[in-house]
Amino acid sequence: MEQGGKAVFIRTDVRKARECSRAVDETLAAFGRVDILFNNAGVFYPHTALECSEEEWDLQIDINLKGTFLMSKFALPGMIAQGGGVIINNSSGWGIVGGDKAVAYCASKGGVVLLTKAMAVDHGRQGVRVNCICPGDVDTPMLPEDAKLRGLDWRTYIEGCANRPLGRVGTADEIARAALFLASDDSSFMTGATLVVDGGGTAD
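Definitions and limits used
Residues numbered from 1 in each chain as written. Predicted model: local features only at pLDDT ≥ 70, side-chain atom pairs only at ≥ 80, totals over all residues. Heavy atoms only, no water. Pairing = 2+ DSSP bridges. Helix = DSSP H or I, 4+ residues; strand = E, 2+ residues; numbered from the N terminus. Axes fitted to C-alpha atoms, helices over the stretch in contact; angles between N-to-C directions. Contact = heavy atoms within 4.5 Å. Expected span 1.5 Å × (residues − 1). Buried < 20%, exposed > 50% of the residue type's maximum accessible area, 1.4 Å probe, protein only. Right-handed = clockwise from strand over helix to strand, strands pointing away.

A closer look at the sheet that holds strand S2 (residues 85-90)
If you walk across this open sheet you meet the four strands as S1-S2-S3-S4, and the pairing is parallel. The two strands at the open ends of the sheet, each matched to only one other strand, are strand S1 (36-39) and strand S4 (194-197). Neighbour-to-neighbour, the strand axes of this sheet turn through a mean angle of 20°, independent of strand direction. Where S2 lies against strand S3 (residues 128-135), six bridges are found, and the strand directions are parallel. Within S3, the residue paired with Gly85 across the bridge is Val128. Against the sheet, helix H3 (residues 103-123) contacts S2, S3 and S4, and its axis sits at roughly 160° relative to S3.

Some details on the side chain of Ser72
Inspection of the secondary structure puts Ser72 in helix H2 (residues 54-82). Setting aside its immediate chain neighbours within four residues, Ser72 contacts Leu37, Asn39, Ile87, Asn89 and Met119.

Quick word on helix H6 (residues 172-183)
Helix length check: H6, at twelve residues, gives a terminal C-alpha distance of 16 Å against a target of 16 Å (1.5 Å per residue), a fit within 8%. Where H6 is buried, its residues touch S1, S2, S3 and S4.

Points about the pairing of S3
For S3, the buried fraction is high: eight of the eight residues fall into the buried class. Residue alternation in S3 divides its side chains into two sets, Val128, Val130, Cys132 and Cys134 and Arg129, Asn131, Ile133 and Pro135, and both sets are buried. Traced from S2 through H3 to S3, the parallel crossover comes out right-handed. Relative to S4, S3 runs parallel, the two sharing four bridges. Each residue of the ladder has a partner; that of Cys132, found in S4, is Thr194.

This is the structure in structure tokens:
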């Protein structure tokens, strides 16, 4: 495999328009263009509507949904000017079906699904494809944190996550490969699509 290339890290609070604008500007300064935007920032706190505080609601909506909107808003002009680009939004299986004790998370991720479709309609003729991924349970630090917040032991929690048609949780690499597919020309006739990568969780 060929190695090399260049990367820069730009610390950004996606809840704030000025920081999202700065992140795009610094990327343009470093590379000259933005061809692919992967909106992957997200948080999750498990609560029902009765339990969810206004602050927790705002945090999940602001990071998961508003952040996706803001980063797209500032990346789109350059993509349109250069004749095209790809935006990939990370939603969730709980963006298309309901989940227990996840009222704000489901609302935010459902919003990402329809934000994706709306932007696909608006910007397809400008050469910009917009799709989203809906992962299921994936082996990331979010899983043990969710188990802790729900007061469940890890074995009980992971057995529940693995109760899917494929019988296991997913890996970050499997979601990355889905993102790579949506970023590549292999998906050149896809826009406004919701790519579910959840081990069959939403099919069960």
